[in-house]
Amino acid sequence: MVTRVWNPEIRMHHDTKLPFGNEVKIEKFPTHEVHYLPFRPGMLDWSYLHFGETWLRPLFLSIRLLDVVFVGFSLHFTSFANYLPYLKGLLRNQHFDKMIISGEPFYLFRLGFSLHRRFGISWMADYRDDWSTNELQMEKGGSGVRKWVAKLESNFEKKVGRNGRFDHFGIRTLHQKNL
């Protein structure tokens, strides 16, 4: 498992966007390993920290729109910029037959496709949460920009699914969602 290092002192959403950790920490278990990568806020997290909950929120939403566009080309500006180089290095030294990509799909599914293309690894897209259809995101302010972001994410979602860029996928059912 590869994830970000988490600050145990998280008290609010804002705290999840703060830089944390300076080196990779690896925990080894009999059945698996967990690699914790240092967290550095990308363009979106940085803008949330500075503008997200202020009167400058429209600026944050504009940067969110740019972030969604840029991610179509590169993860370089995201909080996940260190994942792909780290994973490529890991895959040069170890062999994996399959991988599950779970979490914030728009960014992390791009990792799955890149690793599949480069190393031929089968991968499963685990949708866990709503993606382009998340009604809670639409209820907040800035609906015009949010609709543009949702449209871009929806197009990416269709592109990934239509082109068969993953071998399997997992979703939550409505029954699970309402529990």
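Heads up: the structure comes first, above all this text.
Residues numbered from 1 in each chain as written. Predicted model: local features only at pLDDT ≥ 70, side-chain atom pairs only at ≥ 80, totals over all residues. Heavy atoms only, no water.

Turning our eyes to something else, we now look at the sheet that holds strand β3 (residues 33–37). Spatial strand order, β1-β3-β2: 3 strands in an open sheet with mixed pairing. Both edges of this open sheet fall to β1 (2–4) and β2 (25–28), since each of them pairs with a single strand only. On average, each strand axis in the sheet is inclined to that of its neighbour by 25 degrees, with strand direction left out of account. In the sheet, β2 pairs with β3 via 4 bridges, with the strands oriented antiparallel. Counted as the bridge partner of K25 is Y36 from β3. Sheet strands in contact with helix α3 (residues 83–93) are β1, β2 and β3, and its direction is about 150 degrees off that of β1. (Pairing = 2+ DSSP bridges. Helix = DSSP H or I, 4+ residues; strand = E, 2+ residues; numbered from the N terminus. Axes fitted to C-alpha atoms, helices over the stretch in contact; angles between N-to-C directions. Contact = heavy atoms within 4.5 Å.)

We now examine the pattern of salt bridges. Should the charged atoms of two oppositely charged side chains come close, the side chains can pair. For the structure shown, the criterion picks out 5 salt bridges. In this structure, E9 engages R11 in a salt bridge whose closest nitrogen and oxygen atoms are separated by 3.3 Å. The exposed category is assigned to R11, whose relative accessible area is 69%. Put simply, K25 and E27 hold a salt bridge, and the shortest N to O gap is 3.5 Å. For K25, a relative accessible area of 46% puts it in the partly exposed group. (Salt bridge = Lys/Arg side-chain N within 4 Å of Asp/Glu carboxyl O. Buried < 20%, exposed > 50% of the residue type's maximum accessible area, 1.4 Å probe, protein only.)

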